[in-house]
Amino acid sequence: SLHDALPISDDLLSQAWDDSHEMLKLSHEIFQQALTYLRNGENIETLKTLKKRDKEINEYQRNVRRKVLTHYAVKQDTTDLANGLILINMVVDIERIGDHAVNIMELAERKIGQRLSFSSAAHEDLRDIAFICFNMCEKTTSALKNRDVECAREVLDFEKTLNQLQVTLKENHIQRVNRGMCNLLAGIIFISFVDNIEKIGDHLTNIAEGVIKHLRWDVEINGE
């Protein structure tokens, strides 16, 4: 269980970093299932199941926080406190990714339940922004697992593209609504999809920046 008593160990901070990677993998999987449902209408994992997995992410977040705090309580040494704070901030971002993925799943269910349809152009736009964000998620997961600063920097480059695309897609969709190619309610849901995907990108960027800060701090403190 994630709530088992924590061992007294100098390795708790390393364990917390490993847990954060597992936590991000789980968020990534929830995001992938939500996108599959949005794209195909195939409820591979029910919303109830995804919400259960989102609760697992919340458990991971609490456990990481406990390990970090226990690490410093046992060591009574705050030399590398910045790394602990970076990690705590990162798991907050990871937890929010799961929340936005669940939002996407709920929006997809609403779209299907109300029999709303998007134009082919809207579907292509969603595919484009989801593809970029999904690649960001894979890169961020790899950067966190391998402490890979170059991989983390690639995420930051993706984020610029994602932000630009968000603005363009919203403008395009407003024009489609105005031309009667898409009804107003479907338009509102489309924009909500785009905004949730962009917010996932923001949280992935924060995580990538955390990896970069972590490695920079290790160099400054440990000379690694």
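The rules we used
Residues numbered from 1 in each chain as written. Predicted model: local features only at pLDDT ≥ 70, side-chain atom pairs only at ≥ 80, totals over all residues. Heavy atoms only, no water. pLDDT = per-residue confidence, 0-100. Contact = heavy atoms within 4.5 Å. Core = buried A, V, L, I, M, F, W, Y, C linked by side-chain atoms within 4.5 Å. Buried < 20%, exposed > 50% of the residue type's maximum accessible area, 1.4 Å probe, protein only. Helix = DSSP H or I, 4+ residues; strand = E, 2+ residues; numbered from the N terminus. Axes fitted to C-alpha atoms, helices over the stretch in contact; angles between N-to-C directions. Parallel < 35°, antiparallel > 145°, perpendicular 65-115°, else oblique. Left-handed = near helix turned anticlockwise from the far one by under 90°. Nonpolar A, V, L, I, M, F, W, Y, C, P; charged D, E, K, R; others polar. Salt bridge = Lys/Arg side-chain N within 4 Å of Asp/Glu carboxyl O. Expected span 1.5 Å × (residues − 1). Phe/Tyr/Trp six-rings, centres within 6.5 Å; stacked < 30°, edge-to-face > 60°.

Focus on the confidence of the model for the chain
Now for step 1: Considering every residue of the chain, the mean pLDDT works out to 85; 88% of them sit at 70 or more.
Now for step 2: Predicted confidence for residues 1–9 stays below pLDDT 50, and this span has 17 contacts to residues more than four positions away or in other chains.
Now for step 3: Within the model, pLDDT remains below 50 along residues 219–224, and this stretch shows five contacts once partners closer than five positions in the same chain are excluded.

What to know about the nonpolar core
Now for step 1: Counting residues in each nonpolar core, the largest one holds 65 residues, and the members touching the most others are F31, V68, L87, I104, F118, F193 and L204.
Now for step 2: When contributions to this core are tallied by element, the ones reaching two or more residues are α1 (12–40), α2 (47–75), α3 (81–113), α4 (120–146), α5 (149–178) and α6 (184–222).
Now for step 3: For F31, the residues in contact, after removing those within four places along its chain, are A101, I104, C133, F134 and I200.

Section: the packing of α1 against α4
Now for step 1: Packing of α1 against α4 leaves a shortest axis separation of 9 Å and a crossing angle of 165 degrees. Between α1 and α4, the angle falls in the class roughly antiparallel. Between α1 and α4 lies a crossing whose hand is left-handed. Side by side, α1 and α4 meet where W17, S20, H21, L24, K25, H28, F31, Q32, L35 and L38 of the first sit next to L126, A130, C133, F134, C137, E138, T140, T141, L144 and K145 of the second.
Now for step 2: Within the contact of α1 with α4, the residues separate by chemical class into 11 nonpolar, six polar and three charged.

With respect to the pattern of salt bridges
Now for step 1: Following the criterion strictly, the structure yields 10 salt bridges and no others.
Now for step 2: With its nearest N and O atoms 2.4 Å apart, the salt bridge here joins E29 to R53. With E29 in helix α1 and R53 in helix α2, this pair connects stretches of sequence that are 24 residues apart.
Now for step 3: Residue classification places R53 among the buried positions, given a relative accessible area of 13%.
Now for step 4: The partner of E150 in a salt bridge is R153, with the nearest N and O atoms 3.1 Å apart.

Some remarks on α3
Now for step 1: With 33 residues, α3 should reach 48 Å at 1.5 Å per residue; the first-to-last C-alpha distance of 49 Å fits that figure.
Now for step 2: Once α3 finishes, R115 follows within two positions and takes phi at roughly 55 degrees, a positive value.

Brief notes about unusual backbone geometry
Now for step 1: Even without being glycine, R115 reaches a positive phi, approximately 55 degrees.
Now for step 2: In this structure, R115 sits in the loop between α3 and α4.
Now for step 3: By relative accessible area, R115 is classed as exposed at 78%.
Now for step 4: Unlike most non-glycine residues, R147 shows phi in positive territory, near 50 degrees.
Now for step 5: With respect to the element layout, R147 can be found in the loop between α4 and α5.

So, the packing of aromatic side chains
Now for step 1: Inspection of every chain in the model, using the stated rule, returns two aromatic pairs.
Now for step 2: Here the aromatic rings of F118 and F190 are separated by 5.7 Å at their centres, their planes lie at 85 degrees, and the arrangement is edge-to-face. Taken together, the residues F118 in the loop between α3 and α4 and F190 in helix α6 connect sequence positions 72 residues apart.
Now for step 3: A relative accessible area of 0% means that F190 is categorised as buried.
Now for step 4: Measuring from ring centre to ring centre gives 6.1 Å for F118 and F193, while their planes differ by 90 degrees; the resulting arrangement is edge-to-face. Here F193 lies in helix α6 and F118 lies in the loop between α3 and α4, a separation of 75 residues in the sequence. Here F118 matches F193 in class, with each residue buried.

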